[in-house]
Amino acid sequence: PSSYKVVVVGGGSAGLAVASTLSETLGKNAVAVVEPADIHYYQPLWTFVGSGLKTLDESKRAMKEVMPENAQWIKDSVASFSPDKNAVVLANGEAITYDYLVVAAGIQVNWGKIKNLPETLGKNGVTSNYSAQSVEKTNEFIKSFKGGNALFTMPSTPIKCAGAPQKIMYLAEEQWRKANVRSQTNIQYFTGLGKIFAIDKYANQLLKICKARNLNINYFTDLAEIKPDTKEAVFNVLAGEAKGTTLTLPYDFLHVTPPMGAPDFIKASALANADGWVDINKETLRHNRFNNVYALGDCSSLPTSKTAAAITAQSAVLKSNLLSDIYNENRDAAKYDGYTSCPLVTGSDKLILAEFSGYTGQPQETFPFDQSQERLSTYLITKEIIPEIYWRSMLKGTWDGPAKYRKLFGTN
Ligand code: FAD
Ligand code: UQ1
């Protein structure tokens, strides 16, 4: 068929969490998922893959294995939206119509915005955990590192998992200490932003760790270019006295977090806000202009940090409001509070589990202890238990995030 009750754009973490419940509730072939990829990745595992604590295989499943049974998988990408006609146009030119649209296409990683990055990635010490193609190289380059300058970058744009650019630094530093190359290694973190982490409670702990472990932080510096011949990284200085100048540093190891942004096909559409994200109400997740359109996850305008953890709470709200539309129930009753989480791995046996609302800036911790302290328990939960929750429950539409445990533990 070319017409569906609900069309979901994207079969990533957000798309499948929503499509599973909707297709189960609405019955066979009422829901279509437009997704071009053969493989679904649990990207949060990539920090562990990059440091050799998990394998890339453990982060992937065949798309056909995770696609909900009752949903129709349309294996193509959406090229454009026609929300006035309730239609999406596929790359093959075909139009698909819907009663309701859910946009869950993720964030676009703009590799090409760093000069020479596409050509140098995966070679001579240049790597990134932000791609399935290069994440194993991170581990390879960490293991073969013999000392020198190790640089880790974080761009000034919004990114997915704002903690990931520094998590890999902590894990690399630990390995270099254990391999006795730490004393001949200079580790530098370059962030395009003015803070190490948005929420002070966690930022304060991270700053202490950086100080204790001699990790040097450079603020308002944005990677612009890689010079592979001389093994140098060029940064734009964004603030301070040197604002407008560049800074060039030699590297022996370079972990890049590329700039990211709204996907081009969304940016070019009537669904976008001025920054290119799908323009939705931050509480109801309903589009601000098209009533039968919803969005969630990394491609949305939701002003909170972009994580799979955030999607656990967002997906519950979206499904509730969309099903209320279909069944003519109380409109927009469910509301998203901005919950998000960032498990900040600081070593192979410890982690700071940041949980907070991006709307209030306040911590929203699940467990009845101070999660800003490095702990083995939260490390093991993140590495072993949350991935199981993801595959067995979140992708099946039955995990609404830890809010009910906050009630149970009395932590909310
Ligand atoms: P995605 O899961 O990226 O899925 C988007 C899907 O849309 C993809 O399958 C893609 O193929 C598809 N798509 C794209 N364009 C089109 C199109 N034109 N038409 C149709 N389909 C399209 N989150 C955490 O919660 N905790 C963590 O510890 C954590 N660590 C991370 C570490 C790394 C290194 C990375 C890269 C991410 C991490 N994240 C973490 C973030 C998390 O992976 C994302 O926030 C989450 O996957 C977002 O889900 P999504 O569905 O919005 O996007
Ligand atoms: C979570 O629910 C989730 O999704 C499955 C994540 O995605 C990777 C997370 O990182 C976190 C922290 C949560 C929250 C769950 C608990 C038990 C605190």
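> Can you explain the environment of serine 377? Please cite residues and give values.
Tracing the backbone shows serine 377 in helix H10 (residues 376-394). In this structure serine 377 comes out as partly exposed when scored by relative accessible area, which is 34%. Separated by 27 residues in sequence, serine 377 and lysine 350 place their C-alpha atoms 7.7 Å apart.

> An account of the nonpolar core is requested, with residue identities and associated values reported.
Core analysis: the largest hydrophobic core is formed by 71 residues, its most contacted members being Val7, Leu101 and Val103. Ranked by residues supplied to this core, first place goes to helix H9 (residues 308-326) with eight residues. In contact with valine 103, not counting residues within four places along its chain, are Val9, Phe81, Ile266, Leu271, Val278, Val293, Tyr294, Ala295, Leu296 and Cys299. Ranked by size, the runner-up nonpolar core spans 38 residues in total, among them Ile168, Ala172, Ala203 and Leu206.

> Report on a nonpolar patch on the surface, specifying residues and quantitative values.
Where nonpolar side chains cluster on the molecular surface, the patch consists of Leu207, Tyr219, Phe220 and Leu238 and spans about 300 Å² of accessible area. Here phenylalanine 220 is to be found in the loop between strand E13 (216-218) and strand E14 (221-227).

> Describe the pairing of E14, with residues and values.
Among the seven residues in E14, six count as buried, and that is most of the element. Relative to strand E15 (residues 232-237), E14 runs antiparallel, the two sharing six bridges. Each residue of the ladder has a partner; that of leucine 223, found in E15, is phenylalanine 235. Following E14, the chain reverses through four residues before pairing antiparallel with E15; lysine 231 in that reversal takes a positive phi of roughly 50 degrees.

Here is what the cut-offs are and how they apply
Residues numbered from 1 in each chain as written. Chains lettered and ligands numbered in written order. Predicted model: local features only at pLDDT ≥ 70, side-chain atom pairs only at ≥ 80, totals over all residues. Heavy atoms only, no water. Helix = DSSP H or I, 4+ residues; strand = E, 2+ residues; numbered from the N terminus. Buried < 20%, exposed > 50% of the residue type's maximum accessible area, 1.4 Å probe, protein only. Core = buried A, V, L, I, M, F, W, Y, C linked by side-chain atoms within 4.5 Å. Contact = heavy atoms within 4.5 Å. Patch = residues over 30% accessible without salt bridge, like charges linked within 9 Å, V, L, I, M, F, W, Y side chains within 5 Å. Areas by Shrake-Rupley, 256 points an atom, 1.4 Å probe, with all protein chains shown as cover. Salt bridge = Lys/Arg side-chain N within 4 Å of Asp/Glu carboxyl O. Pairing = 2+ DSSP bridges.

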